[in-house]
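Read off the chains here:
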Amino acid sequence: MTTTTAPVLQRAGHLPRWAPWVILAGAFVAAFLLLTVISEPTIASVALVGGILFVVAVWAASRAVEGPRRAKDRLATSLVTGAFILAMIPLVSLVWIVLARGASLMSWDFLTTDMTGIFGDMREGGALHAIIGTLWVTGIASLISIPLGIFTAIYLVEYGRGRLARAITILVDVMTGIPSIVAGLFAFAFFTIIVGPAYRSAFMGAIALAVLMTPVVVRSVEEMLRLVPNELREASYALGVPKWLTVVKVVLRTAIAGITTGVMIAIARVIGETAPLLMTTGIIATTNNDPFEGRMATLPVFAYRQYAQGGVGVERAWAAALTLVAIVMLLNLVARLVSRYFSPKGIS
Amino acid sequence: MATVTTPDAPPGRAPAPRLSDAPGRMGNKVFAGVSTGAGITILIILAAVAGFLILRSWPAITASQEDYDTVGFMQGKGLWAYIAPLIFGTLLSSLIALIIAVPLSIAIALFISHYAPRRAAQGLGYLVDLLAAIPSVVYGMWGMSWLVPQLQPFFAWLSGTLGFIPLFADFQAPAKNIMSAGIVLAVMILPIITATIREVFLQTPRLHEEASLALGSTRWEMIRMAVFPFGRSGIISASMLGLGRALGETMAVLMILSPGFLINFYLLKPGQHQSIAANIANQFPEASGLGADVLIATGLALFAITFGVNLLARWIIARRAEFSGAN
């Protein structure tokens, strides 16, 4: 482009494409040298100072060559990209630390023994009871909230008209924001009033989790049902299929991949809930297979308690955290794959 | 949606055989009933949450000062004097989280919607969403063993150079202060804010953007003139959703913050503040009788605050959806 076409923008010229990269390299070298003079350079400090130097230098160079408007644009680009990189630091460091610390005690034994008869500094023992407990609690919560959530979503999309539907829509949204600890308090208050003050069980925790999970299921299923084109419904009605069969055989079947994804993400969200389980299902050292009676260990609570205990407990906590993060990541991954490969073409 | 309405038979007469033979009539009724029932169950659950919390906290609300004195952890304070610092701590930590997370989220959402290569954008979005999937207890452990040691030298420097401002005064070595808790909260609410803002930014009418670019603006000017005005209410409501999340977050605060029951702004001093949620999780296992009721009353306060914040956020979103040109 010549300078005559856009005189305002291209008043003085254009930075070559390689310029930002050269400035980037220069900024890091300068930061390293600067920090060696002042104190010991670490990766974090070099990255921080280098990043700031880079942003300032690109802005200055661009302002000198390209004028203030372009310079501002480049400044915005560097800041926006920088923000994204900054947000990745917690994710990367978290995954890294969970893998590194969790690996020390992670073994087949850890996954297949419980904490019966483990005390003091013994390195044996594992999370089997907590894994079983997590499956019980999350399983019961899912049994309650998946049907409830799917039917509510069907109501909102296929039947809901007027005031009631509007109220439910808003309240489902508000319900997504209920703090997990409040859900735990609700389950506690409910069961202590109905059953008795000393009652603790996995079912109690499952009720708390169901309160948290249902709105998430409703939201995602509703979104999926709304994506089903109306033509499909109308074609079905035209063939004389009753409404309920249309919903079951046409609408739900079309949206099944999306629904599966939504449900799995909802499960992944509640499987790591700690606070409500802390006060309802509690913790115990042995495997408990009765979900309606007695305390039951769950992975998040197990991790928290072991971490608070210190010593070998910290290592156990990291191994439990690794197990938990692995389950959650797996659920998320499978959910994404399901939605990518099984959703009907044309609606995604 | 096409609806085939069959007129109901007039009362007092047997329905015409043609109508009763209509296929799936029974099924339709049952299915509609079950669906409506599920919807109403949601309302009942929400009402039950509020109802049972009020029921259990009523003894605490109506108790006298002598009764409060029997509860060990209240240290002779009345209910209001006990809750006030907790509400303050909750708001303060959430506010810190919000101040850090909102600008970052706007930038990240912009990066995903307008800066990243289009093919990579979705994958990058998933990466941010993964942050939301990580259990809060793992955030707490990460905060204690990775973030707090990293923040220590920075806080020490901050307190050393800017310590004359009360905000940054009196830093003490393990950084178990409200600032660290706020930073971890910021990381935890980042995904929900980013996801909401990203949706809004992606809805910016393409014609506005292209018109702006055609007039010769740079990408940043286009964003300032076309994307931000369109997304302003989205940013506000996303921030409030994030606020709702931060207010109720338990484990991270419980594990990182060294608790105290004071109202002040010493951000770097440990042992000054505590949030409602963390306090409940901390005291609940040992509490019984009136003590448990008092904690449930604080939970009721938390419920009311988050309910209000979320309702307001959703109201802003809904209002925007009605008037925006995109829908």
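Residues numbered from 1 in each chain as written. Chains lettered and ligands numbered in written order. Predicted model: local features only at pLDDT ≥ 70, side-chain atom pairs only at ≥ 80, totals over all residues.

### Some points on the overall build of chain A
Formally: Here a helix means four or more residues in a row that DSSP labels H or I, a strand means two or more in a row labelled E, and each is numbered from the N terminus. Throughout, radius of gyration means the C-alpha value; the globule benchmark is 2.2 Å times the number of residues raised to the power 0.38. The exposure label follows from counting other C-beta atoms within 10 Å of a residue's C-beta, where the C-beta atoms are placed from the backbone and the thresholds are 20 or more for buried and 12 or fewer for exposed, leaving partly exposed in between.
In terms of regular secondary structure, chain A is built from 13 helices and 0 strands. Put simply, chain A runs from its N terminus to its C terminus through helices and strands in the order α-α-α-α-α-α-α-α-α-α-α-α-α. Here the C-alpha atoms of chain A give a radius of gyration of 28 Å, more than 25% beyond the 20 Å that 2.2 N^0.38 yields for 348 residues. Dimensions along the principal axes, computed over C-alpha positions, put chain A at roughly 80 × 70 × 35 Å. When each of the 348 residues of chain A is scored for burial, the buried share is 48%.

### A word on the domain arrangement of chain A
All names here are of chain A. Put simply, the test is: A domain assignment, automatic or from a database, supplies the domain bounds used here. Any two residues are considered in contact once their C-beta atoms, placed from the backbone, lie within 7 Å.
Here chain A is partitioned into domain 1 (19-102) and domain 2 (128-342). A separation of 41 Å is found between the C-alpha centroids of domain 1 and domain 2. Listed by partner, the interface residues are 4 residues for domain 1 and 5 residues for domain 2.

### Focus: the environment of A:Phe190
By secondary structure assignment, the location of A:Phe190 is in helix H7 (residues 180-194). Here A:Phe190 falls in the buried class, since 22 other C-beta atoms lie within 10 Å of it. Measuring from C-alpha to C-alpha, the distance between A:Phe190 and A:Met175 comes to 18 Å, with 15 residues separating the pair along the chain. What A:Phe190 contacts, discounting residues up to four positions off in sequence, is A:Ile207 and B:Phe52.

### Some thoughts on the nonpolar core
Note the following rule: One nonpolar core equals one set of buried Ala, Val, Leu, Ile, Met, Phe, Trp, Tyr and Cys residues connected by C-beta atoms within 7 Å.
Membership of the largest hydrophobic core comes to 192 residues, with the highest contact counts inside it found for A:Phe186 and A:Ala321. Not counting residues within four places of it along the chain, the set of residues in contact with A:Ala321 comprises A:Val98, A:Gly102, A:Ala303, B:Val138 and B:Met141. One finds A:Ala27, A:Phe54, A:Val58 and A:Ala71 within the second-largest nonpolar core, a separate group that totals 8 residues.

### Digging into helix H1 (residues 19-38) of chain A
Residue and element names in this part refer to chain A. This is how it is decided: Multiply 1.5 Å by the residue count of a helix minus one, and that product is the helix's expected span. Working note: the arc is built from the helix axis to C-beta atom directions.
For H1, built from 20 residues, the straight-helix expectation of 28 Å at 1.5 Å per residue is met to within 8% by its first-to-last C-alpha distance of 28 Å. Of all the residues in H1, the buried ones are Ile-23, Ala-27 and Ala-31. The buried residues of H1 occupy one face: seen down the axis, they fall within an arc of 75 degrees. For H1, exposure combined with an orientation more than 90 degrees from the buried face picks out Trp-21, Val-22, Ala-25, Leu-33, Thr-36 and Val-37. If you follow the buried residues of H1, they end up packed against helix H2 (43-66).

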